[in-house]
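This is what each chain is made of:
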Amino acid sequence: MNDDLIQRIKREISLLSLAASSGVKLKRLASGEYECRCPFPDHEDKTASCHINAEKNLFHCKGCGKGGDVIRW
């Protein structure tokens, strides 16, 4: 993939939509961010430790430390 295509994907694909379409249950927080259980198989999350910032289109899991954009998701 070339850099232009990667940047286009990051701009045009909503991380919230991507998460929801993969069955992740999202809860909106007072801060405007969303939280969910970590969707990655190497982290069995019992509580919602993954946060998604819809404005920045980024995520971060406080449990396993993974984070990034739609490509990393």
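Scroll up for the structure.
Now for a quick tour of the structure.

Conventions and cut-offs
- Along every chain, residues carry numbers that run from 1 in the direction the sequence is written.
- Thresholds applied to this predicted model are a pLDDT of at least 70 for local features of residues and 80 or more for the giving and counting of side-chain atom pairs; totals over whole chains, interfaces and linings are not thresholded and use all residues.
- With hydrogens and water excluded, all non-hydrogen atoms of the structure serve as input to the side-chain values.
- Comment: elements are numbered from the N terminus, with helices defined as DSSP H or I runs of at least four residues and strands as E runs of at least two.
- Each residue gets one of three labels from its accessible area relative to the maximum for its type: buried under 20%, exposed over 50%, partly exposed in between, using a 1.4 Å probe on protein chains only.
- Pairing of aromatic side chains requires ring centres within 6.5 Å, counting the rings of Phe and Tyr and the six-membered ring of Trp. Pairs whose planes differ by under 30 degrees are stacked, by over 60 edge-to-face, and all others tilted.

## A few points about the environment of H60
Of note, H60 is situated in strand β4 (residues 58–61). The class for H60 is partly exposed, based on a relative accessible area of 39%. The spatial distance from the C-alpha of H60 to the C-alpha of I71 is 13 Å, given a sequence separation of 11 residues.

## Looking at the packing of aromatic side chains
A full pass over the atoms with the stated rule returns 3 aromatic pairs. A ring pair is formed by F40 and F59, whose centres lie 5.8 Å apart and whose planes are at 35°; its orientation type is tilted. Of this pair, F40 sits in the loop between β2 (34–36) and β3 (50–53) while F59 is found in strand β4, placing the two residues 19 residues apart along the sequence. Summarising the burial analysis for this pair, F40 and F59 share the class buried.

Functional significance is not addressed by these values, which are geometric in nature.
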